[in-house]
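# Summary of the model geometry
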Amino acid sequence: MVEILQRALIKKWENPSNGRSKVVYTEAVLDSPQQLLKWWEKNVKGSDGEPVPLLDTTVAHHMTIEYGGNNPGIPLSEIEQIGVGGRVQLEVIGYNYSDRVQAVLVKPKGVSSSNRYPHITVAVGNGGKPQDSNALMERGTRKDVPSKATLSATIGYFGRGKHHTQIDWENE
């Protein structure tokens, strides 16, 4: 009986069209977004040597571990194996920016990323979107980081419209 109840509770996390999960991506969620924002304001300079101001909308939320998309989604068994709730470190090793998106390149410690260039979107503006950071990182990064920062993060996932840093299939 308990097993039937657990299966019913988990079912709401499954996509009825294919049986895969409704988890869109796994992530390393920053414990202190302010730490990254302060680092940016202090360390990122334009070609004129002046600080590069943050764009209109700050993001500074997470590094994507794996993107599964809305369909098919990441299997629940994989979510359970990545260590949700575990602590990791993300070392800032580079950055890049445009008039639409600002991002930092990170070296993850304690987790890996399926992204070719693991990064955190810092801010967006002028119609930019967080996913624009992928193309920005493809164009290259500045490696002359004057002061490296190590950011603490918690492993989690995004699904059913929310960010989660613990597995609680039953209460979600």
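Residues numbered from 1 in each chain as written. Predicted model: local features only at pLDDT ≥ 70, side-chain atom pairs only at ≥ 80, totals over all residues. Heavy atoms only, no water.

### Structural notes on unusual backbone geometry
Trans is the prevailing form of peptide bonds, just as negative phi is the prevailing case for residues other than glycine. In this model, Ala60 sits at a positive phi of 35°, which is unusual for a non-glycine residue. Structurally, the position occupied by Ala60 is in the loop between strand S2 (57-58) and strand S3 (62-67). Although it is not a glycine, Asn126 sits at a positive phi angle of roughly 55°. Taking relative accessible area as the criterion, Asn126 reaches 52% and is therefore assigned exposed. (Helix = DSSP H or I, 4+ residues; strand = E, 2+ residues; numbered from the N terminus. Buried < 20%, exposed > 50% of the residue type's maximum accessible area, 1.4 Å probe, protein only.)

### Section: the packing of aromatic side chains
Within the structure shown, the criterion is met by four aromatic pairs. Between Tyr25 and Phe158, the aromatic rings sit 5.3 Å apart at their centres with planes inclined by 15°, giving stacked as the arrangement. Of this pair, Tyr25 sits in strand S1 (residues 23-30) while Phe158 sits in strand S7 (residues 149-159); the two residues are 133 residues apart in sequence, bridging distant segments of the chain. Residues Tyr25 and Phe158 agree in their burial class; the two are buried. Cluster of aromatic residues (ring-pair linked, three or more members): Trp39, Trp40, Tyr95 and Tyr97. (Phe/Tyr/Trp six-rings, centres within 6.5 Å; stacked < 30°, edge-to-face > 60°.)

### A closer look at the side chain of Thr26
Here Thr26 lies in strand S1. Those residues in contact with Thr26, other than ones at most four positions away along the chain, are Met63, Thr64, Ile65, Glu66, Ile74, Ile79, Ile82, Gly156 and Tyr157. (Contact = heavy atoms within 4.5 Å.)

### Some thoughts on the pairing of S1
With respect to burial, S1 is a largely interior element, eight of its eight residues being buried. As defined by bridge partners, S1 adjoins S7 across seven bridges and the pair is classed as antiparallel. Following the sheet pairing, Thr26 is matched in S7 by Tyr157. Across five bridges, the pairing between S1 and S3 is antiparallel. Within S3, the residue paired with Val29 across the bridge is His62. (Pairing = 2+ DSSP bridges.)

### Remarks on the nonpolar core
Core analysis: the biggest nonpolar cluster contains 27 residues, and Leu36, Trp39, Leu90, Val104 and Ile120 have the highest contact counts within it. Elements represented by at least two residues in this core include exactly S1, helix H2 (33-43), S3, strand S4 (87-97), strand S5 (101-109), strand S6 (119-124) and S7. When sequence neighbours within four positions are dropped, the list of residues in contact with Leu36 reads Leu30, Ala60, Val92, Val104, Ile120, Val122 and Leu151. (Core = buried A, V, L, I, M, F, W, Y, C linked by side-chain atoms within 4.5 Å.)

### As for the pattern of salt bridges
Counted by the stated rule, this structure contains four salt bridges. We note a salt bridge from Glu91 to Lys109, for which the minimum N-O separation is 3.3 Å. Placement of Glu91 in strand S4 and of Lys109 in strand S5 is noted, with a sequence separation of 18 residues between them. Since its relative accessible area comes to 14%, Glu91 is described here as buried. Residue Arg100 pairs with Asp132 through a salt bridge whose shortest N-O separation is 3.5 Å. Within this pair, whereas Arg100 is found in the loop between S4 and S5, its partner Asp132 is found in helix H4 (residues 132-138), the two being separated by 32 residues in sequence. (Salt bridge = Lys/Arg side-chain N within 4 Å of Asp/Glu carboxyl O.)

The analysis is restricted to geometry; functional conclusions fall outside its scope.
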